[in-house]
Structure formats: C-alpha cells, structure tokens
Amino acid sequence: MRLTAPALLAASLALGATAASAHPVTYIGTLSNLGEPATAAGSLGTGSVSIVFDDDTFTMKVDVTFSGMSGNTTASHIHCCTAAAGAGSAGVATPLPTFPGFPLGVTSGSYSHTFDMTQASSWNPAFVTANGGTTSGAFAAFATGLADGKAYLNIHSTTSGGGEIRTFLALAPVPEPESYALMLAGLGLLVLRRRSLGR
C-alpha cells in the first residue's frame with residue numbers, strides 16, 4: 001500500500017483527535033521544601049510525582065520517588081483544594097494518615113499505587129463529607145481542584161511533621177496535533193524512501 005500525503009494528513013488528524021479526547025489525564029510535579037512549614041527550611045529532599053487521573057474508570061494512579069529527606073517519612077497524601085492555584089494550604093483529600101503502603105521510616109524510596117476512587121477507602125472521610133457526602137461528589141471536587149492547579153502532594157517526616165517536601169500537581173505537557181502530523185509525515189517519508197530504495 002502506497003502512503004500519500006493526504007493519507008498521512010488524515011492519519012495525523014485522527015491521531016491528534018484521539019489524543020485530545022482521551023480521558024486519562026496525567027499530572028506531574030517536582031518535590032521540594034517550597035511552600036512547606038519553616039521546620040522544612042533546611043531540607044534538601046527532592047523527588048518527582050506522576051498522577052494519572054481517569055474519569056472513565058474512576059481510578060487514580062500515584063507514582064512517587066523521593067530522596068534526601070532530612071527526617072524519616074511519617075506520611076504522604078494529596079491535599080485539595082487551595083484558594084489559589086499553586087499556593088497556600090488545604091486539607092487532605094486522600095486517605096489518612098497516609099497513602100496505603102507508602103514507605104515509612106525512610107529518607108528515600110518510591111511508591112506506586114492505583115486507587116479505585118469509587119471506594120470510600122480512597123478518600124479522607126472529611127473531604128467526602130465536605131463535598132456532598134458521596135465519593136462521586138468528592139471525585140468531582142478533586143477533579144476540578146487538580147485541573148485548576150489547587151492540589152498538592154506532600155511527604156511528612158520526623159523533622160517536619162507539617163510536611164517536609166511538596167509539589168503542586170500540574171497538567172503534563174501533551175504534544176500538539178501539529179507535532180503528531182510532523183511525526184507521521186516524517187515516518188511516511190521514511191517508509192516511501194525505503195520502498196523506493198528497495199529495502
């Protein structure tokens with residue numbers, strides 16, 4: 001089958017449309033002591049966070065890596081929703097006192113867990129109560145907070161009980177449809193060139 005420019009353009013537009021309508025949304029962040037209480041001022045702790053929030057399956061996959069903490073970990077969770085994007089503090093939205101299975105008593109580690117957000121166990125009961133008393137109400141409020149940049153993940157430690165490192169969660173960059181079109185056009189030209197060379 002011969003690839004033509006119109007076929008490549010159609011494929012790239014279809015791929016761009018598929019990407020734009022996808023419902024799992026990825027949020028990312030880099031952990032640091034910025035925004036945490038004064039007790040965390042000297043912390044050199046750092047790390048990265050990736051959250052995949054899916055409004056089709058009502059799940060949330062949390063991936064965290066961290067190192068260099070001043071104290072041993074005591075808890076980690078997501079707070080929502082602050083009054084302003086990227087600033088302030090808010091109550092905990094996810095399970096208390098910590099994510100289930102989060103590594104405690106360490107200064108570095110990693111964590112990966114997928115939450116079923118239809119289950120009450122995936123939420124702080126107070127967050128559910130504050131948002132209509134149902135997990136669906138909590139889900140809607142949390143989804144809005146994430147999208148608005150008003151949710152943050154933090155890690156608490158023995159040296160900073162109020163939180164040692166945190167990051168506000170931001171939408172991960174998604175390639176523009178034009179990027180897909182260029183990628184597909186380049187791939188198409190490569191295929192055509194190989195065919196013309198008999199490879």
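My aim in this report is to walk through the structure given alongside it, one point at a time. (Residues numbered from 1 in each chain as written. Predicted model: local features only at pLDDT ≥ 70, side-chain atom pairs only at ≥ 80, totals over all residues. Heavy atoms only, no water.)

A count of helices and strands for the protein gives four helices and eight strands. Counting from the amino terminus, helix and strand elements in the protein follow one another as α-β-β-β-β-β-α-α-β-β-β-α. Considering the protein as a whole, with its 199 residues, one finds that 37% of them fall into the buried category. Summarising the internal contacts of the protein: among those between residues at least 6 apart in sequence, 65% fall at separations of at least 24. With the model as given, the accessible surface of the protein reaches about 10,100 Å², and the carbon-plus-sulfur share is 63%. (Helix = DSSP H or I, 4+ residues; strand = E, 2+ residues; numbered from the N terminus. Buried < 20%, exposed > 50% of the residue type's maximum accessible area, 1.4 Å probe, protein only. Contact = heavy atoms within 4.5 Å. Areas by Shrake-Rupley, 256 points an atom, 1.4 Å probe, with all protein chains shown as cover.)

Looking now at the pairing of strand E7 (residues 165–168). Here E7 shows two buried faces, one formed by Ile165 and Thr167 and the other by Arg166 and Phe168. Taken together, the four bridges between strand E6 (residues 151–157) and E7 define a ladder with antiparallel strand orientation. Counterpart to Leu153 in the pairing with E7 is Thr167. (Pairing = 2+ DSSP bridges.)

Turning our attention to the nonpolar core. Formed by 31 residues in total, the largest nonpolar core has its most connected members in Val64, Phe142 and Leu153. For this core, the element with the most residues is helix H3 (residues 135–147), which contributes five residues. Contacts of Val64, omitting those with residues within four sequence positions, involve Leu31, Ser48, Val49, Phe102, Gly109, Ser110, Tyr111, Leu153 and Ile155. (Core = buried A, V, L, I, M, F, W, Y, C linked by side-chain atoms within 4.5 Å.)

Attention now moves to H3. Residues separated by three or four positions in an α-helix point in the same direction, a consequence of the helix having 3.6 residues per turn. Across its 13 residues, H3 extends 18 Å between first and last C-alpha, which sits within 8% of the 18 Å expected from 1.5 Å per residue. Of the positions making up H3, those classed as buried are Gly137, Ala138, Phe139, Ala141, Phe142, Gly145 and Leu146. Where the residues of H3 are buried, they touch strand E1 (24–31), strand E2 (46–54), strand E3 (59–67), strand E4 (73–80), helix H2 (125–130) and E6. Following H3 by one or two positions, Gly149 adopts a phi angle in the positive range, close to 75 degrees. (Expected span 1.5 Å × (residues − 1).)

Examined against the element boundaries, Ser160 turns out to sit in the loop between E6 and E7. For Ser160, a relative accessible area of 1% translates into the label buried. There is a polar contact of 2.7 Å between the side chain of Ser160 and the side chain of Thr39. Residues contacting Ser160, with those up to four places away along its chain left out, are Thr39 and Ala40. (Polar contact = N/O pair within 3.5 Å; in protein donor to acceptor, adjacent residues only side chain to side chain.)

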